[in-house]
Amino acid sequence: MRQTPDPAITGLGDDDRKLLIAGLTSLREVRGRQWRETCDRATKTGAAEPPLLTYGIDDIKLLARRLGGEARHWTE
């Protein structure tokens, strides 16, 4: 389901929004991979898993939503 872009974000055309969403999607993938790798290392050593907050994943998803991104842009 496509989100309606936040009207408070002004001055961006559709092409700009698409470009930003693509960049956020890539960043979300990288951060998600980093988080999973860190969780794997923590499991192996008996340490606690790091919170997602540390990797900014929720912030990335929020911004993608505000730009009109769809759920597929931030889910794995």
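Refer to the preceding data block for the structure.
An account of the accompanying structure is given in this report. Here the structure is a predicted model, which is why all the values come from computation and not from measurement.

1. Structural notes on the overall build of the chain
So, step 1. When you go through the chain residue by residue, the secondary structure sums to 2 helices and 0 strands.
So, step 2. For the chain, buried positions account for 29% of its 76 residues.

2. So, the nonpolar core
So, step 1. Core analysis: the biggest nonpolar cluster contains 6 residues, these being Ile-9, Ile-21, Leu-24, Ile-60, Ala-64 and Leu-67.
So, step 2. Elements with a contribution of two residues or more to this core: helix H1 (14-45) and helix H2 (57-66).
So, step 3. Once residues lying within four places of it in the same chain are set aside, the contact partners of Leu-67 are Pro-5, Ile-9, Leu-12, Arg-17, Leu-20, Ile-21 and Leu-24.

3. So, H1
So, step 1. Between its first and last C-alpha atoms H1 spans 46 Å; for 32 residues at 1.5 Å apiece the expected length is 46 Å, and the two agree.
So, step 2. Within H1, burial applies to Arg-17, Ile-21, Leu-24, Thr-25, Arg-28, Gly-32, Thr-38, Cys-39 and Ala-42.
So, step 3. On the buried face of H1, the contacting elements are H2.
So, step 4. Backbone geometry just downstream of H1 places Gly-46 in the positive-phi region, at approximately 80°.

4. Looking at the packing of H1 against H2
A packed helix pair is summarised by two numbers, namely the angle formed by the two axes and the spacing between the axes.
So, step 1. Between H1 and H2, whose axes approach to 10 Å, the crossing angle comes to 160°. Considered as vectors, H1 and H2 are oriented roughly antiparallel to each other. You can see that H1 and H2 cross each other, and the crossing is left-handed. Facing Arg-17, Ile-21, Leu-24, Leu-27, Arg-28, Arg-31, Gly-32 and Trp-35 of H1, the residues of H2 in contact are Ile-57, Ile-60, Lys-61, Leu-63, Ala-64 and Arg-66.
So, step 2. For the contact of H1 with H2, the residue count by class is 8 nonpolar, 1 polar and 5 charged.

5. Concerning the pattern of salt bridges
So, step 1. All chains considered together, the criterion is met by 1 salt bridge.
So, step 2. Between Asp-58 and Lys-61 there is a salt bridge, and its shortest N-O distance comes to 3.7 Å. Of the two residues, Asp-58 and Lys-61 both sit in helix H2, 3 residues apart, roughly one turn of that helix.
So, step 3. The exposure class of Asp-58 is partly exposed, given its relative accessible area of 41%.

Calculation criteria
Residues numbered from 1 in each chain as written. Predicted model: local features only at pLDDT ≥ 70, side-chain atom pairs only at ≥ 80, totals over all residues. Heavy atoms only, no water. Helix = DSSP H or I, 4+ residues; strand = E, 2+ residues; numbered from the N terminus. Buried < 20%, exposed > 50% of the residue type's maximum accessible area, 1.4 Å probe, protein only. Core = buried A, V, L, I, M, F, W, Y, C linked by side-chain atoms within 4.5 Å. Contact = heavy atoms within 4.5 Å. Expected span 1.5 Å × (residues − 1). Axes fitted to C-alpha atoms, helices over the stretch in contact; angles between N-to-C directions. Parallel < 35°, antiparallel > 145°, perpendicular 65-115°, else oblique. Left-handed = near helix turned anticlockwise from the far one by under 90°. Nonpolar A, V, L, I, M, F, W, Y, C, P; charged D, E, K, R; others polar. Salt bridge = Lys/Arg side-chain N within 4 Å of Asp/Glu carboxyl O.

Keep in mind these numbers describe shape, not what the thing actually does.
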